[in-house]
Amino acid sequence: MAAIIILSLCSVLVISMGEGGAGSEEGVQRECTAGQPPHCPSVSPSAQPWTPPGQSQLFADLSQEELMAVMSFLTQRLGPGLVDAAQARPSDNCVFSVELQLPPKAAALAHLDRGHPPPAQEALAIVFFGGQPQPNVSELVVGPLPHPSYIRDVTVERHGGPLPYHRRPVLIREYLDIDQILFDRELPQAAGLHHHCCFYNRQGRNLVTMTTAPRGLQSGDRATWFGLYYNISGSGFYLHPVGLELLVDHKALDPAHWTIQKVFFQGRYYESLAQLEEQFEAGRVNVVLIPVNGTGGSWSLKSQVPPGPAPRLQFYPQGPRFRVQGHQVTSSLWTFSFGLGAFSGPRVFDIRFQGERVAYEVSVQEALTIYGGNSPSALRSRFTDGGFGLGHFSSPLTHGVDCPYLATYVDWHFLLESQAPKTLDAFCVFEQNQGLPLRRHHSDIHSHYFGGLTATVLVVRSVSTLLNYDYVWDMVFHPNGAMEVKFHATGYISSAFLFGAARRYGNQVGEHTLGTVHTHSAHFKVDLDVGGLENWVWAEDMAFVPTAVPWSPEHQVQRLQVTRKLLETEEQAAFPLGSTHPRYLYLASNHSNKWGHPRGYRIQMLSFAGEPLPQNSSMERAVPWGRFRLAVTRRKEEEPSSTSIYNLNDPWAPTVDFTDFINNETVTGQDLVAWVTAGFLHIPHAEDIPNTVTVGNGVGFFLRPYNFFDQDPSLDSADSTYFWGDQDAGACDVNPLACLPQAAACVPDLPAFSHGGFSHNVVVAGMENVSRGPKARVCGVWAAMGTGPGSRGPSSSFS
């Protein structure tokens, strides 16, 4: 069982720095070794009562070798004109991304369930063809891996025709070119104003840009508003707007032809920077001076108090009770495969509880943020973050902060905007005592006993950092057969220069800073297979029915009863946000449990979403899934995702329109997918400075067994506690918790602190290249913990 203790880490915190003293590595090693309890085991004894499925890697993300093989094959096949995406201009041909092409479900299940040969492993490559007479974006399937021999163009098959070039995601190189034009060609045209308002330093680059989306007002546009902010070292520039925003038209294939279409400065619009400078020199611009150290307040994340006692540490006294092999997790209750879509984000497949599959896929599809404000950047911003890449911009995980210190950390290999793959510790897997009983009862009536079970869960986590916001994604597996999916938002708010009626659009959070109102929404795909592929959708709720009292008919009582309805079509199974939604909605098989009820899994929402984008908005068709709290449709191989990365840059003619999935087909006895939306309204306030906290900013949903079993399966948990009033609850053979003083009399083998490092490339237009630097090292800890510089502890020891 898991135990929580507070460790002083021997004498690591001793400050003396004398040679060989307690503060040196030699001294720490000597002090830790003397009289030290034994190390806790790194491998848990097996307690699995069922046989896990074979260690299939059907859903494993591509390895470095596979990514390199695909890139090499594409280079050979596409010719010498292929340019490294890191250096590619719009008129070049380049490979934008390579990732796993998921296998068809039928082929995957034939392999997993019936022992058929596995389907060929394939990769999906997105290629920008800017060097053609008709530039376009193509999607190419490459296989079989690890030794590719064919390319199949699936663009027309998937999208009905070529993908217009203006829909392509913006490359880092494009942002760099925009920055160069702005800082070297355009901003000097208003140097007088910028020196006066913003302490402009052309050489020192004390200003940075931040992108917005969408890019224009109609299909075919590629024009982006960029806000300018003070670049204050060690703090988020997002909180330091100077009031200058520039609309850049960057549709032309030649960056030399890119232009500024409009200028906004502190509440007024101008045709150009030259006009703004002319008006300033003539004394017709009212300038608010922004201090060079920011717009007021304390913006740094560095605490102003000294470090306190060593933090609490949760560890496994008998070793981890789960195992990670490649991309598959196995515990005594659960098995599943996990991965990360380069654009869609975290996903899990083939989810089984006690050996029985309950879901084929649970995955993030999209994250949407809609802003309001009175500056052009704020009032137009609608970010569909999949267009940037929820996987692409995954963050390295900091041990002990992002995940428990002793979590198992797993690398992700990716090839995006580069000809060489990169590696990131993008996942952590851990078991966690939630400090809450999953169930309990203390009986002091008629018979005297106590029975209970602590709520211990298995968690897979990843974190995406999209511009200012950090999204923490959790897939949580409970011991009663329930699965929880949730995301938390943290990081910096997006802000705008405070002017005019700004408080209609948020709260003032600095002397000249407005925290702009916005909504967060995430969309999820839930492919439940409850007792097999053929499922039905049931809605249950409550109703009060006036009833005559049986023993006194002249009196009436409002009797509570259950209402049940079988939903037969996709239209019936789609629930718009704000509409009446059944409190119990579940997918069920045609098999019954012991009591004659259909075996089901309930979808329980935890969401307080803001209003969806009105349907009369020209951009709403890009995110129509936001209309629905929940929708159940028939599963189709040609409907793999509710959105597309191309919707970000052309929301007016979306590549994927989710409403096309809902066409009134039957949902009785079919392979079904539930599409779930969870979100919240965020009106930034003073306590969001410097960072938004995760408390109260988390939403998601549960998948809970509903008559799937004959009773609560956690009853048979080895962690259960039960004793009678006349038993000795302090005896090990009566109560497992009484064994903790002996079981936990060991020291966990702590690896050295690890952090994935930082990109050392230039931050441009609010986007960051994701190449990672070397891991960080904390001095003295290796010696104290008995691990060397090459060790990553649980990161590489998959026990």
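The model shown is predicted, which means the values in this text are computed figures rather than measured ones.

About the criteria used
Every chain begins its residue count from 1, and numbering advances along the sequence as written. Thresholds applied to this predicted model are a pLDDT of at least 70 for local features of residues and 80 or more for the giving and counting of side-chain atom pairs; totals over whole chains, interfaces and linings are not thresholded and use all residues. Only hydrogens and water are removed before side-chain values are computed, so all heavy atoms of the structure are retained for them. Helix and strand labels come from DSSP, where a helix needs a run of H or I of at least four residues and a strand needs a run of E of at least two; each type is numbered from the N terminus. For every residue, the accessible area (1.4 Å probe, protein chains only) is compared with the maximum for its type, and the residue is labelled buried under 20%, exposed over 50%, or partly exposed between those bounds. Here a residue-residue contact requires only that any non-hydrogen atoms of the pair lie within 4.5 Å. We get accessible surface area from the Shrake-Rupley algorithm with a probe of 1.4 Å; when it comes to residues, only the shown protein chains can shield them. Expected helix span is computed as 1.5 Å times (number of residues minus one). Only rings of Phe, Tyr and Trp enter the pairing, Trp through its six-membered ring, and a pair is recorded when the two centres are within 6.5 Å. The plane angle decides the type: under 30 degrees is stacked, over 60 is edge-to-face, the rest tilted. Remark: a charge is flagged as sitting over a ring if the NZ atom of Lys or the CZ atom of Arg is within 6 Å of the ring centre and within 35 degrees of the ring normal. The set of buried Ala, Val, Leu, Ile, Met, Phe, Trp, Tyr and Cys residues whose side-chain atoms join them within 4.5 Å is what this entry labels a nonpolar core. In this analysis, strands are considered paired if DSSP registers two or more bridges between them. Between N-to-C directions, angles span 0 to 180 degrees; the directions come from axes that are lines fitted to C-alpha atoms, helices contributing only their stretch in contact. For classification, angles of less than 35 degrees are called roughly parallel, those exceeding 145 degrees roughly antiparallel, those between 65 and 115 degrees roughly perpendicular, and all remaining angles oblique. Basically, the charged four are Asp, Glu, Lys and Arg, the nonpolar ten are Ala, Val, Leu, Ile, Met, Phe, Trp, Tyr, Cys and Pro, and anything else, Gly included, counts as polar.

A.B. asks: I'd like a rundown of the overall build of the protein, residues and numbers included.
C.D. replies: What the protein contains, in helices and strands, is 10 helices and 36 strands. Burial status across the protein gives 56% buried among its 799 residues. In the protein, the share of contacts with a sequence separation of at least 24, taken over all contacts with a separation of at least 6, comes to 68%. Total accessible area on the protein stands at roughly 33,600 Å², and carbon and sulfur atoms take up 54% of it.

A.B. asks: How would you summarise helix α5 (residues 172–186) if you had to cite specific residues and measurements?
C.D. replies: When the terminal C-alpha atoms of α5 are compared, their 20 Å separation across 15 residues agrees well with the 21 Å that a helix rising 1.5 Å per residue should span. For α5, a buried count of 11 out of 15 residues is recorded, marking the element as mostly surrounded by other parts of the structure. Burial in α5 covers these residues: Ile172, Arg173, Glu174, Tyr175, Asp177, Ile178, Asp179, Ile181, Leu182, Phe183 and Glu186.

A.B. asks: Explain the packing of aromatic side chains to me, using residue names and the numbers behind them.
C.D. replies: Tallied over the full model, the rule gives 41 aromatic pairs. When the centroid spacing of 5.0 Å and the interplanar angle of 80° are considered together, the rings of phenylalanine 708 and phenylalanine 709 count as edge-to-face. Taken together, Tyr469, Tyr471, Trp473, Phe487, Phe524, Phe608, Phe680 and Phe701 form an aromatic cluster joined through their ring pairs. In this structure, arginine 602 is placed above the aromatic ring of tyrosine 584, and the distance from its NZ or CZ to the ring centre is 3.6 Å.

A.B. asks: Residues and numbers for the nonpolar core, please.
C.D. replies: Grouped together as the largest cluster of nonpolar side chains are 145 residues, with contacts concentrated most on Leu244, Ile351, Val362 and Phe524. Tallying contributions element by element places strand β22 (residues 469–477) first for this core, with seven residues. For leucine 244, the residues in contact, after removing those within four places along its chain, are Leu187, His194, Phe226, Gly227, Leu228, Val263, Phe264, Phe265, Leu273 and Leu276. Counting 18 residues, the second-largest nonpolar core is a separate cluster that includes Leu100, Val127, Leu140 and Val142.

A.B. asks: Pulling in residues and values, what's your account of the pairing of strand β14 (residues 328–331)?
C.D. replies: Going residue by residue along β14, you find Gln328 and Thr330 tucked away on one face and Val329 and Ser331 tucked away on the opposite face as well. Taken together, the four bridges between strand β13 (residues 322–325) and β14 define a ladder with antiparallel strand orientation. Along β14, the bridge assignment pairs phenylalanine 322 with serine 331. What sits between β13 and β14 in their antiparallel hairpin is a turn of two residues, with glycine 326 showing a positive phi close to 65°. Judged from the three bridges that link them, β14 and strand β15 (residues 334–341) form a sheet pairing that is antiparallel. Paired with glutamine 328 across the bridge in β15 is serine 337. As consecutive antiparallel partners, β14 and β15 are separated by two residues.

A.B. asks: Please give an account of the packing of helix α6 (residues 191–198) against helix α7 (residues 273–281) that cites residues and values.
C.D. replies: A packed helix pair is summarised by two numbers, namely the angle formed by the two axes and the spacing between the axes. Two numbers describe how α6 lies on α7: the axes approach to 8 Å, and their chain directions differ by 65°. Considering the angle they form, α6 stands roughly perpendicular to α7. Contacts between α6 and α7 involve Ala191, Gly192, Leu193, His194 and His196 from the first element and Leu273, Leu276, Glu277, Phe280 and Glu281 from the second. Looking at side-chain class alone, the contact of α6 with α7 contains five nonpolar, three polar and two charged residues.

A.B. asks: So what's going on with the pairing of strand β4 (residues 136–143)? Which residues, and what values?
C.D. replies: In terms of burial, β4 is a largely internal element, eight of the eight residues being buried. In β4, alternate side chains face the same way, and those of Asn136, Ser138, Leu140 and Val142 on one face and Val137, Glu139, Val141 and Gly143 on the other are all buried. Both strand β3 (residues 122–129) and β4 contribute to a ladder of seven bridges, which runs antiparallel. Among the inter-strand pairings, phenylalanine 129 is bridged to a residue of β4, identified as asparagine 136. Remark: six residues form the turn of the hairpin made by β3 and β4, two consecutive strands paired antiparallel.

A.B. asks: Quick rundown of the sheet that holds strand β11 (residues 268–270)? Include the residues and the values.
C.D. replies: An order of β7-β8-β9-β10-β11 is seen for the five strands of this open sheet, with the pairing classed as antiparallel. In the strand order of this sheet, the two ends are held by β7 (207–210) and β11, each with one partner. Taken over all neighbouring pairs, the strand axes of this sheet differ in orientation by 25° on average, direction set aside. Across four bridges, the pairing between β7 and strand β8 (residues 223–230) is antiparallel. The residue bridging threonine 209 from the neighbouring strand is leucine 228, located in β8. Packed on one face of the sheet, α5 meets β7, β8, β9 (241–249) and β10 (259–265) and runs near 135° to β7. In this fold α7 packs onto β9, β10 and β11, with an angle of close to 35° to the strand it touches most, β10.

A.B. asks: Before we move on, could you go through unusual backbone geometry and cite the residues and values that matter?
C.D. replies: For the bond from alanine 213 to proline 214, the omega torsion is 0°, close enough to zero to count as cis. By the element assignment, proline 214 lies in the loop between β7 and β8. With an omega of 5°, the peptide bond between isoleucine 689 and proline 690 qualifies as cis. Residue placement: proline 690 occurs in the loop between β34 (672–682) and β35 (698–706). Although it is not a glycine, glutamate 417 sits at a positive phi angle of roughly 55°. Note on placement: glutamate 417 falls in the loop between β19 (408–416) and β20 (422–445). Under the relative-accessibility criterion, glutamate 417 is labelled buried at 9%. We note that asparagine 664 has phi near 65°; this positive angle belongs to a residue other than glycine. Looking at the element boundaries, asparagine 664 is found in the loop between β33 (628–634) and β34. Classification of asparagine 664 as partly exposed rests on a relative accessible area of 42%.

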